[in-house]
Amino acid sequence: MKKLLLAFLLLSALSILADRAQAQVLVIANPAVKASDVSKSELRDVFTGATSSLKSGAQVIPVLLKQGAAHNQFLADYVGKSDSTFRAGWRSLVFSGQASMPKSFDTESAVVEFVAHTADAIGYISKATPHEGAKVLSVR
Amino acid sequence: MRPVNSLLIGAFALATGSALCAGQGSEDIQIHGFATQGFVVSNGNNYLGMGTRSGSPAWTEAAININDQVENKLRVGVQIHYTRLGTFGGDNVSVDWALGDYRVKPWLGLRAGKVKIRWGLFNDTQDYDPGYLWALLPESIYGVDIRATNLSQLGAEVYGKTSLGRKRGRLSYSGYYGYYFFASDDGYMALFNASGYTFPKPPGGKTPGFDLRWDTPLPGLQLGGSLMLYNADGSMTNGSYRMPVTFWPTYYAQWNIKKVFASAQYTKLVQYQTFSVTDAVPSTSGSDTRAWFVMGGYHFTDKFQAGAYYTHDLQPSGGDDSNPANFYKDWVGSGRFDFNSNFYMKLEGHLMDGNLVGFYSFDNPNGFKPRTGLLVAKIGFTF
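Residues numbered from 1 in each chain as written. Chains lettered and ligands numbered in written order. Predicted model: local features only at pLDDT ≥ 70, side-chain atom pairs only at ≥ 80, totals over all residues. Heavy atoms only, no water.

On to the pattern of salt bridges. Taken as a whole and judged by the stated rule, the model has 22 salt bridges over all chains. Its salt-bridge partner being Arg140 of chain A, residue Asp37 of chain A comes within 2.8 Å of it at the nearest N-O pair. Placement of Asp37 of chain A in strand S2 (residues 37-38) and of Arg140 of chain A in the segment after strand S6 (135-139) is noted, with a sequence separation of 103 residues between them. Bridged by salt links that share partners, the residues Arg44 and Asp45 of chain A together with Arg170 and Asp215 of chain B form one connected network. (Salt bridge = Lys/Arg side-chain N within 4 Å of Asp/Glu carboxyl O. Helix = DSSP H or I, 4+ residues; strand = E, 2+ residues; numbered from the N terminus.)

All right, on to the interface of chain B and chain A then. Facing the 36 residues of chain B at the interface are 26 residues of chain A. For the chain B and chain A pair, buried surface summed over both sides reaches about 2,500 Å², with 46% attributable to carbon and sulfur atoms. When the buried area of chain B at its contact with chain A is split by residue, Pro106, Tyr128 and Arg170 of chain B rank highest and sum to 20% of it. Summed over the shared surface of chain B and chain A, the number is 13 residue pairs in polar contact (both at pLDDT 80 or more). Those elements that provide at least two residues to the side of chain B that touches chain A are strand S1 (29-43), strand S2 (56-71), strand S3 (74-85), strand S5 (94-105) and strand S6 (108-116) of chain B. Of all the elements, S5 of chain B adds the most residues to the side of chain B that touches chain A, at seven residues. (Contact = heavy atoms within 4.5 Å. Buried area = accessible area lost by both parts, 1.4 Å probe. Polar contact = N/O pair within 3.5 Å; in protein donor to acceptor, adjacent residues only side chain to side chain.)

We now examine the sheet that holds S2 of chain A. All names here are of chain A. The six strands are arranged S2-S6-S1-S5-S3-S4 in an open sheet whose pairing can be described as mixed. Unpaired on one side and paired on the other, S2 and strand S4 (103-105) mark the two borders of the sheet. Two strands pair when backbone bridges link them, and strand S3 (residues 61-65) and S4 are joined in this way by three bridges, in the parallel orientation. Following the sheet pairing, Leu64 is matched in S4 by Ser104. Set on the sheet, helix H2 (residues 40-47) makes contact with strand S1 (25-29), S2, S3, strand S5 (121-126) and S6; between it and S5 the angle comes to about 110°. Packing against the sheet, helix H3 (residues 69-79) makes contact with S1, S3, S5 and S6, and its axis sits at approximately 90° to S1. (Pairing = 2+ DSSP bridges. Axes fitted to C-alpha atoms, helices over the stretch in contact; angles between N-to-C directions.)

Another point: the packing of aromatic side chains. Residues and elements named next belong to chain B. Taken as a whole and judged by the stated rule, the model has 39 aromatic pairs over all chains. Seen from their ring centres, Phe192 and Phe275 are 5.7 Å apart, and the 75° between their planes marks the pair as edge-to-face. Of this pair, Phe192 sits in helix H2 (residues 187-194) while Phe275 sits in strand S13 (residues 260-277), and the two are 83 residues apart along the sequence. Of the two residues examined, Phe192 and Phe275, each falls in the buried class. (Phe/Tyr/Trp six-rings, centres within 6.5 Å; stacked < 30°, edge-to-face > 60°. Buried < 20%, exposed > 50% of the residue type's maximum accessible area, 1.4 Å probe, protein only.)

Given below as structure tokens:
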């Protein structure tokens, strides 16, 4: 019985660790963005449209993934919203004439391509995705 | 439509069209829209110009907007809105906003054209139904039957956001100056018409104002205040109409943290208007109303949220606070289910006491009953 319980706990732990490892996201930015790290609250503010600059003074343009594991994990870890709540917030800004929606892409490689070639762009991808041309911002 | 209105809207439609055609890729242009259909049933009284006692589906709204981020700092856009709410609104669409937006820095931006007015928690978003949980916002402050008049102004807005330092939070501000006109087909005009005052063209005037909101260091807590000023002049078929400068202040707070959201707002409005009918002594009337609400809700899952609010509107100038004609109280419970990020439905119940706002004699010809129960169901789509 004890062995069974131990095996169950071990499997559960491995499953959780595997999920975490798979879901890890990287925050990437155009190399011209004058910052090497960013706080969770800065990410939340930038990606909800509350601000368009980091505390370092660097102006940034958020870029989104349309869907997928990296997108959901980014929202859960750094924005604290579900996808529908997140989009509802942006749409309120759009329909009140205050902003347009951030650019969003189908694939992570398209996010990397855009961020690498667009001054001030900031986005997110899975850890495993190649990100040549973009720099990685560490999250405080 | 007034000439200045037509000119500005035409100019910005042209600007928008030009920008859209200026050789930019389609990825720079965004089109969004929404549509909702409501069904309302009540006991006691008919409500909001609809025959709700026998059940009414006469509540349809839709909007479509087009935005072009011409370059990093410059955006142009326009939104067309359609509302039919019983006898209000109608078959015509209106320009909700049509603007150019130049953001020099995060702390300084300029919008010009027909621009939404930031006032309180919901003024600029109240006609975007998918943006909130409630089927009906608190009628005491955000009357859906009279909202069209003060939604937008024709003029300019200066806005921005600035950090107050790591421990002091952030300040958002908006100051504006422009013109507005009474909506020709909303509750204000219905009340004028019911009193025998007919306007060939809706009255209008100037509307300066500002909004200030502070994101406090306490996570998710925002405090704010707004002041809208307006006056109005107009010609009636048999005389003239004048409203001197009116101050409309409001104070509010909202708290959003994780799955919980809560907010409250208070406003006081003192307003006078004079009707000068040919060959008669001018008639001046005044009103003094105070209104507030508290609301809260919870996201039970990604798809389902529910909440409740209470709102109270009192008109002390009526002289008798116990007369249902001088107050309005509403207890509300609401639920919303999002099928996905595009489709949703809402179900909401109201227990109303008093008739100060939202009730009209033309669809309650036998007089008002003091209490009204109401059930609202809505389905909607947004993209």
